[in-house]
Each structure stands twice: as C-alpha cells, then as structure tokens.
Amino acid sequence: MRLALVQLFVTASKETNLINARKKVLEAAAKGAKIVVLPECFNSPYGTSFFPKYAEPLENGPSSTALSQMAKDANVFLVGGSFPETGPNSKFYNTCTIWGPNGDRLGVHRKVHLFDIDIPGKQTFKESSVLSAGSEITMFDTPVGKIGVGICYDIRFPEMAMIAARKGCIAMLYPGAFNMTTGPLHWELLQRARAIDNQMYVAACSPARDETASYIAWGHSTIVDPMGAVVSKLEEKEDIAYADLDVEFLKSSRQGIPVTTQRRFDVYPDVSK
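Residues numbered from 1 in each chain as written. Predicted model: local features only at pLDDT ≥ 70, side-chain atom pairs only at ≥ 80, totals over all residues. Heavy atoms only, no water.

### As for the packing of helix α1 (residues 14–30) against helix α3 (residues 62–74)
Applicable threshold: Angular values range over 0 to 180 degrees, each being the angle between N-to-C directions of two axes fitted as lines to C-alpha atoms, with helices fitted over their stretch in contact. Put simply, DSSP H or I for four residues or longer makes a helix, DSSP E for two residues or longer makes a strand, and each gets a number counted from the N terminus. Roughly parallel here means an angle under 35 degrees, roughly antiparallel means over 145, roughly perpendicular means 65 to 115, and every remaining angle is called oblique. For any helix crossing, the convention is left-handed if the near helix is rotated counterclockwise from the far helix by under a right angle, and right-handed if that rotation is clockwise. Contacts between residues were defined by any pair of non-hydrogen atoms, one from each residue, lying within 4.5 Å. Classification convention: Asp, Glu, Lys, Arg as charged; Ala, Val, Leu, Ile, Met, Phe, Trp, Tyr, Cys, Pro as nonpolar; all other residues, Gly among them, as polar.
Axis separation between α1 and α3 bottoms out at 9 Å; the angle between their running directions is 20°. In terms of axis orientation, α1 runs roughly parallel to α3. Viewed along their axes, α1 and α3 form a crossing whose handedness is right-handed. Where α1 abuts α3, its residues Lys14, Leu18, Ala21, Arg22, Val25, Leu26 and Ala29 lie against Pro62, Ser63, Ala66, Gln69, Met70, Asp73 and Ala74. Among the residues forming the contact of α1 with α3, the class breakdown is nine nonpolar, two polar and three charged.

Rendered as structure tokens:
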C-alpha cells in the first residue's frame, strides 16, 4: 500500500490552505497513494497566538468537512495533519482527524505531549499556555494492518510507538512541525530511532518551509522503513513524498532480528499492558 506525505505550504488563509490541501491529496491519489498524510497545523500558521484565532469544532467544522470530502473524492485513507480544535469546555487542542476512503471519520488524535521547550538563545515555545493535552493513543485499521498516529512532539516519547507496535501496528505516522533548531538535530534521528525500536515504518510530515513565518518549519518530510533506512525524504519546499508499506519486508525484518520475541518482561515492565 502506497503512502504519501504532503509537505504543504501553509498560508494565513484557512480557505486557501484547504483548497491547496485538496489539490495535493488528489494529486497523491492519482499517483497511486492509498494513505495520505497532511502536516501539523495544515490549515493555519503554527503558534500560540494563532491557535485560538483558527480554532474550530471537531464536528461539522470547515476543516473536518473538507477532509472528509477529500478522503472520499480521492478514495484514500487520510491522516488529516492537525488543526486547532475548540473542544469540550471551550478548551483548545492540537487535533488530528483520520478519514476512510468513504469519507467516514475513523479516529481522532489530540496531541498528547505538548511542545514546551526552552533552549537558551535559540528556541522557546510553550503550547500548554493555550492548548490542553489529549490522553489517548490512536490507531486505525487499513487493509495492510493497523497504523498508529501521533503529532510532532509525541515522537520524542518512545512509549507511544512501543504500545502501538505491540498492539499490532505496522507503522506510526506523525504530522509534525519541527523548527530550525530541533529539525537539523533530531527530526530524522527520532524517526529512525522509533522505526528501529519497533521494527515498523515511521513517517513524519512537515509543512513546507516559509522563511517569513514567525515559526519556521524545518520541512524534510521523511519515511523510514522497519530497518531504519530512509526510503523517501523531501527538501524544504512544497512537495509530496512517496513510499510503499511492504508488510512482507516488515515481517522479514522482525524475523531476522527477533527482538519482539526476545523481550524480558520478567526484568522490565511491558508498557503496552
């Protein structure tokens, strides 16, 4: 099953972003993709000042409505990046919605680990000043197997991918927006680490880089195979990355280096229990 990551150029216009996302999803489908991923905050600029301004309800909001139609028209599984959600009790969330080829919503992932960092002289950001955290690990079914979903900073926490893998997932997909400090340092490294840890496919989909934005995304959307090899990688501009999710290769990887059957849960706990 072919996977596509849409590295979208995001503008300040939600309407423009939704139109462009639709165009790119249909383009990916025309080139054989059956699973398409959009980036974190695909419909709005990324930043704490933007979250309340662009937030919308999960049910029948413009982004959910557009994503459902995109998935149906393209006949794909669509991991709809993320958008700022106005949730229960007027809280804001960084939320990813997952859609099936018939346009039905298959799942919702609210970012579990909020991006609160302070790297002196380089990068300070505090999502928790505006956003609330989700509390669930999210998976959905496809014809080739279960797939797990996280958002950006979630990738730094290996437990999520471990749990997903032990519950049968063949891949973890992360819409994300690493910046010009953390991107060069850790973007690819974390994807390869999660892939090797769990002998699964790992992909992270970034917005395209906008040098004029207040938060500049690293770009470089990437797909990594179960042996930790980078099988597709973009530069910083708007583009689409493609790779096939080969379940037989995943099985052979796990058979050749059988860590899944060699774990010592008598020595350390199984985080998936």
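### As for the environment of Ser64
Note the threshold: For the exposure calls, accessible area comes from a 1.4 Å probe over protein chains only, and a residue counts as buried if that area is under 20% of its type's maximum, exposed if over 50%, partly exposed in between. For this analysis, a polar contact is any N or O atom pair within 3.5 Å, provided that within protein one partner can donate a hydrogen and the other can accept it, and provided that sequence-adjacent residues contribute only side-chain to side-chain pairs.
You can see Ser64 is positioned in helix α3. Take Ser64: its relative accessible area is 3%, and that puts it in the buried class. Taking the C-alpha atoms as reference, Ser64 lies 8.6 Å from Gly80; in sequence the two are 16 residues apart. Not counting residues within four places of it along the chain, the set of residues in contact with Ser64 comprises Glu56, Leu58, Phe83, Thr97 and Trp99. Within polar-contact distance, the side chain of Ser64 engages the backbone oxygen of Leu58 at 2.8 Å.

### Notes on the environment of Arg2
Looking at the element boundaries, Arg2 is found in strand β1 (residues 2–7). Residue Arg2 is classed as partly exposed on the basis of its relative accessible area, which comes to 29%. Residues Arg2 and Leu245, spaced 243 residues apart in sequence, show a C-alpha to C-alpha distance of 6.1 Å. In contact with Arg2, not counting residues within four places along its chain, are Lys31, Gly32, Ala33, Lys34, Ile35, Tyr242, Ala243 and Asp244. One polar contact links the side chain of Arg2 to the main-chain carbonyl oxygen of Lys31, over a distance of 2.5 Å.

### Some words on the sheet that holds strand β9 (residues 138–142)
Selection rule: Strand pairing is defined by DSSP finding a minimum of two bridges between the two strands.
Spatially, β9-β10-β11-β12-β13-β14 is the arrangement adopted by the six strands of the open sheet, whose pairing is mixed. Each edge of the sheet is formed by a strand with only one pairing partner; in this case those strands are β9 and β14 (230–233). When the angles between neighbouring strand axes are averaged without regard to direction, this sheet yields 20°. Judged from the three bridges that link them, strand β13 (residues 222–224) and β14 form a sheet pairing that is antiparallel. If you follow Val224 over to β14, its bridge partner there is Val230. Sitting on the sheet, helix α4 (residues 158–166) is in contact with β9, β10 (145–149) and β11 (169–175), with an inclination near 145° to β11. Where helix α5 (residues 182–198) meets the sheet, it contacts β11, β12 (201–205), β13 and β14, and its direction lies at approximately 155° from that of β12.

### Re the pattern of salt bridges
Using the following cut-off: Within this document, salt bridges are pairs made up of a side-chain nitrogen of Lys or Arg and a carboxyl oxygen of Asp or Glu, the two lying within 4 Å of each other.
Inspection of every chain in the model, using the stated rule, returns 17 salt bridges. A salt bridge links Arg110 to Glu85; its shortest N-O distance comes to 2.8 Å. Residue Arg110 is located in strand β6 (residues 105–110), and its partner Glu85 is located in strand β4 (residues 83–86); the two are separated by 25 residues in the primary sequence. You can call Arg110 partly exposed: its relative accessible area is 25%.

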